[in-house]
Amino acid sequence: DALGALDAAAAALASAPPGGASAMPGAANDKGAKGVTIDPVPDVEMTLSDGQPAKGKRAPGVDRERSAMAAAPQWHEMDTREKVSHVKTEVLIGIIIFLSQLPESVAFAFLASMTPPTALHSAWIIGFITSAFGGRPGMISGAAGARATIIGSFLGTPDRVGQNGEGVEIVFPSVIISGGFMLLIWATKFYRYTKLIPESVLVGFLNGLGLLIILSQVYTFRNDDDTEWRTGAELGWMLLITFVSWATMEFTPKLPCRFSSLVPSSLLALVMGAIVEFALVRPLGARTDTIGDVAEFTPENAYPVPFMIDPQYDLARLNLPGVPTRIFVLSILLCAVGSIESLLTAEVVTEVVKTPNRPDKVMSALGVANVIAGFLGGMGGDATIGLSKMNVISGGTSRISGVVASIGVVLSVTVAYPALNLVPMSALTGVMLVVGLHTFSWPSIPYAVAACLPEAWRATGRARCHSSVISMVSSKLGAFSPPTLSAPWMRTSRTVPASRFAGCEGC
């Protein structure tokens, strides 16, 4: 409305006769000329008491945002050659995003005490719906670490690693109800209050999530009954595979070569773990557990089915005392975490691509996706900050890359599942250790310690500490620091400050 009023005023001024009685800011009569010369209208920093731009005035930064958006041509502005190049770039980036999302989704399934197909089906359902119909093109959604951590805390310890935990039946109605709450947030426009969340809460949330991810990886080194630690040569080989996968994922993006930017480090970590398992460990007469040993992918679980007719679930458990309360609490937590993480991720993506963001469509698509995923026996999902950032800084700014990534996950579950059965469990542990270590906000430790010191001791460094925490929080909202894909077919005209993207992977 403000821009429309401003354009109308400018048009009226341009059509006014020379020497008119009225004068407007930004317009000047040129003596001796036959028209009116209009100067560019500067930004007016006038706000109301609630912090909103005053009606009729131009909000600060409008011209800068428009110029940035103009630098990225829209689909209708491209010629045929540019459209072909754009689609090729988006498809190739989508393939790499899918290869990065696959191991993380499997690892999050173990974190949630659920079977891997549950997380992978959720990943492609959530990813496809939010990418195709959501309000933030370029944002990647799927199974997320925060959601997996919450679900795992509500389920009992499974009888064997890779199986469903006790009480898994409560997850599916909780996911459906959480999707309904997201639709309620969309209808009431409650998503506008996300900006009221304090920075300290966000940092504490990320730190707690990082610690839970790291501590949850100890299950890999315990026996199937979770009563004793593994010992002997088996434990030694597992530690070796974990170290190899951890080192591969941690240091490959730092290598000064083109290969490191073409192959996702998480995928390469799993490949290296499998090489150690089948080229070194098993030829020597030893072995460690793989995904196929603990939770095998089969044709029976290659396709999602409604949880009401799935024979592996006992729906009679939903009638036990206290179960409705647990379902309600879990649905509230899943809705809160999913909504906040998705809205914050959408803001981060918007700052990079400089195209309009529709938080209402973000919430509506996310709500519908979770309802469908829960109905089909999935754990639901939300935006993944790390993959979204990897996507946009590599040039994936439209819906195509997200849709391609979801299709890739579908094909991996329905067609290429035998390859997933070969991945060592220890390799997944190495991947998740990297995720947990990069999720935790290490700069917050000295800041918290300084807050406990006497006032006189920290007075001189207060300004520096305040500046550090602001930078730390803004980088955490940008999530982890993935390698920027710099191949010739992944061209992008945007320059993104590296400081914004230092943080955590897989949040």
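Here, the structure is the one placed above.
Residues numbered from 1 in each chain as written. Predicted model: local features only at pLDDT ≥ 70, side-chain atom pairs only at ≥ 80, totals over all residues. Heavy atoms only, no water.

Undergrad: Explain the nonpolar core to me, please; I cannot follow it from the model alone.
TA: Counting residues in each nonpolar core, the largest one holds 66 residues, and the members touching the most others are Met 114, Leu 120, Ile 151, Ile 170, Val 171, Met 379 and Leu 428. Counting residues per element, this core draws most heavily on helix α3 (residues 80-111), which supplies 10 residues. Once residues lying within four places of it in the same chain are set aside, the contact partners of Val 171 are Met 114, Ile 151, Leu 155, Leu 330 and Met 379. Core analysis: the second largest hydrophobic core is formed by 21 residues, Leu 343, Val 352, Val 353 and Ala 373 among them. (Core = buried A, V, L, I, M, F, W, Y, C linked by side-chain atoms within 4.5 Å. Buried < 20%, exposed > 50% of the residue type's maximum accessible area, 1.4 Å probe, protein only. Helix = DSSP H or I, 4+ residues; strand = E, 2+ residues; numbered from the N terminus. Contact = heavy atoms within 4.5 Å.)

Undergrad: Teacher, can you tell me more about empty space enclosed by the protein here?
TA: The gaps of empty space that remain are located by a probe, the size of a water molecule, rolled over the atoms. In total, this model carries five cavities of 30 Å³ or more according to the counting rule given. Approximately 40 Å³ is the volume found for the second largest cavity. Taken together, Thr 130, Ser 131, Gly 134, Gly 135, Arg 136, Met 139, Ser 141, Val 362 and Ala 365 make up the full set of residues lining the second largest cavity. When residues of the lining of the second largest cavity are traced back to their parent elements, those giving at least two are α4 (116-133) and α13 (359-375). For the lining of the second largest cavity, the class distribution of residues is three nonpolar, five polar and one charged. (1 Å grid on protein atoms, 1.4 Å probe; cavity = no way out; pocket = protein on both sides within 12 Å on 5 of 7 lines; lining within 4 Å. Points joined across faces, edges and corners; volume = space filled by probe spheres on them. Nonpolar A, V, L, I, M, F, W, Y, C, P; charged D, E, K, R; others polar.)

Undergrad: Help me understand the packing of helix α12 (residues 323-353) against α13 in this model?
TA: Packed helices, taken two at a time, are described by their axes: the angle between them and the distance between them. It is at 10 Å that the axes of α12 and α13 come closest, and there the two elements cross at 140 degrees. In terms of orientation, α12 lies oblique with respect to α13. Crossing geometry of α12 relative to α13 is assigned as right-handed. Contact with α12, carried on its side by Gly 338, Ser 339, Ser 342, Leu 343 and Ala 346, involves Pro 359, Val 362, Met 363 and Leu 366 of α13 and no other residues of that element. Split by residue class, the contact of α12 with α13 holds six nonpolar, three polar and no charged. (Axes fitted to C-alpha atoms, helices over the stretch in contact; angles between N-to-C directions. Parallel < 35°, antiparallel > 145°, perpendicular 65-115°, else oblique. Left-handed = near helix turned anticlockwise from the far one by under 90°.)

Undergrad: What's the story with the side chain of Asp 360 in this structure? I'm lost.
TA: By the secondary structure assignment, Asp 360 is in helix α13. A distance of 2.9 Å separates polar atoms of two side chains, one belonging to Asp 360 and the other to Arg 358. Not counting residues within four places of it along the chain, the set of residues in contact with Asp 360 comprises Trp 186 and Tyr 191. (Polar contact = N/O pair within 3.5 Å; in protein donor to acceptor, adjacent residues only side chain to side chain.)

In short, shape yes, function no, at least from these values alone.
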